[in-house]
Amino acid sequence: QTLERTLVLVKPDGVRRGLTGEVIRRIEQKGYTLVRLELRDATPELLAAHYAEHEGKPFYEPLVEFMLSGPVAAIVVEGQRCIEGFRSLAGATDPTAAAPGTIRGDLGRDWGLAVQQNLVHGSDSPESAAREISIWFPSAD
Ligand code: DAT
Ligand code: MG
């Protein structure tokens, strides 16, 4: 048994399109628990910390700009192997490549939009999860 916590963000495109509930439904249907849930306006400081690994990449500035374009739903999810598990629920980074049955595959839209508009973020390792949860929820226990 590996009880884990992961940080999920419903990105501004997901919140704008009214898909927050659908993402949460899929998380809960999988059997995971919501530990924290908050609608949040990100800040440049928060995003610089969150996306530190991507700083300097060509998509970094547009990504941060997009993440500032509206509120995000920040969620701490708990469950058995939920870090890898939520990544499976989310699907491939590029929504046009994401498999049917996944959040990005089912709900992603190809409007010639950049890859950053892919509805959700999920931590990619136990180290990332701990780091990201402490960034978004500094008081999390
Ligand atoms: P993921 O969100 O699947 O973990 P990532 O950590 O590699 O993907 O990248 C973070 C976000 O940056 C991703 O959700 C969308 C954006 N992104 C990644 N690669 C990109 C690319 N080649 N062009 C545009 N945006 C990209
Ligand atoms: Mg990532």
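By convention here, each chain's residues receive numbers from 1 onward along its written sequence. By the order in which they are written, chains take letters starting at A while ligands take numbers starting at 1. With the structure being a predicted model, the display of local features is reserved for residues of pLDDT at least 70 and the display and counting of side-chain atom pairs for 80 or more, all residues being used for whole-chain, interface and lining totals.

- Identification of the chain as Nucleoside diphosphate kinase from Nocardioides aestuarii is taken from an unreviewed UniProt entry.
- UniProt positions are given in the numbering used here, feature names are shortened, and annotations may be inferred rather than shown by experiment. What the UniProt record of the chain gives under Sequence similarities (unreviewed entry) is the line "Belongs to the NDK family."
- The Subcellular location (unreviewed entry) comment attached to the chain in UniProt states, word for word, "Cytoplasm".

## Re the overall build of the chain
Step number 1: Helix and strand counts for the chain come out as seven helices and four strands.
Step number 2: Each helix and strand of the chain, ordered N terminal to C terminal, gives the series β-α-α-β-α-α-β-α-α-β-α.
Step number 3: In this treatment the radius of gyration is a C-alpha quantity, and the globule benchmark scales as 2.2 Å times the residue count to the 0.38 power. In terms of overall size, the chain behaves like a compact globule, its C-alpha atoms giving a radius of gyration of 14 Å where 141 residues would be expected to give roughly 14 Å.
Step number 4: Considered along the principal axes of its C-alpha atoms, the chain spans approximately 40 × 35 × 25 Å.
Step number 5: Three exposure classes are used. Buried residues have 20 or more other C-beta atoms within 10 Å of their own C-beta, exposed residues have 12 or fewer, and partly exposed residues fall in between, all C-beta atoms being placed from the backbone. Expressed as a percentage of its 141 residues, the buried residues of the chain come to 35%.
Step number 6: Counting contacts in the chain only where the partners sit at least 6 residues apart, residues at least 24 apart contribute 71% of the total. Strands here are runs of E lasting at least two residues and helices are runs of H or I lasting at least four, both read from the DSSP assignment and numbered beginning at the N terminus. Working definition of a contact: two residues with C-beta atoms, positioned from the backbone, lying within 7 Å.

## Overview of the nonpolar core
Step number 1: Counting residues in each nonpolar core, the largest one holds 29 residues, and the members touching the most others are Val8, Leu9, Val10, Val72, Val77 and Val120.
Step number 2: For this core, the element with the most residues is strand 3 (residues 72–80), which contributes six residues.
Step number 3: In this structure, Val72 is in contact with Leu9, Val10, Lys11, Pro12, Val15, Arg40, Ala42 and Met67, ignoring residues within four places of it in sequence. Here, a nonpolar core means buried Ala, Val, Leu, Ile, Met, Phe, Trp, Tyr and Cys residues linked by C-beta atoms lying within 7 Å of one another.

## Here we look at the site of ligand 1
Step number 1: Around ligand 1, a shell composed of His54, Phe59, Leu63, Thr93, Ala114, Val115, Gln116, Asn118, His121 and Asp124 is seen.
Step number 2: Put simply, Ala, Val, Leu, Ile, Met, Phe, Trp, Tyr, Cys and Pro go in the nonpolar bin, Asp, Glu, Lys and Arg in the charged bin, and everything else, Gly too, in the polar bin. Of the residues belonging to the shell around ligand 1, the class tally is four nonpolar, five polar and one charged. Residue proximity rests on one test: whether the C-beta atom, placed from the backbone, lies within 6 Å of the molecule or strand.

## Things to note about unusual backbone geometry
Step number 1: If you check the backbone angles, Arg81 has positive phi at about 50 degrees while not being a glycine.
Step number 2: Along the chain, Arg81 falls in the loop between strand 3 and helix 5 (82–90).
Step number 3: Even without being glycine, Leu119 reaches a positive phi, approximately 75 degrees.

## Quick look at the pairing of strand 1 (residues 3–10)
Step number 1: Of all eight residues that make up strand 1, six are buried, and the element is covered over most of its length.
Step number 2: Strands qualify as paired when DSSP identifies two bridges or more between them. Looking at chain direction, strand 1 and strand 4 (residues 120–122) are connected through three bridges and run antiparallel. Pairing of Val10 across the sheet is with Val120, part of strand 4.

## Considerations on helix 5
Step number 1: All buried positions along helix 5 are accounted for by Cys82, Ile83, Phe86, Leu89 and Ala90. Along the long axis of helix 5, the arc covered by the buried residues comes to 125 degrees, so they all point the same way.
Step number 2: The secondary structure elements touched by the buried residues of helix 5 are strand 1, helix 2 (20–29), strand 3, helix 6 (103–107), strand 4 and helix 7 (126–136).
Step number 3: With its phi angle positive at about 85 degrees, Gly91 sits one or two positions after the end of helix 5. To be clear, the arc concerns the directions from the helix axis to the C-beta atoms.

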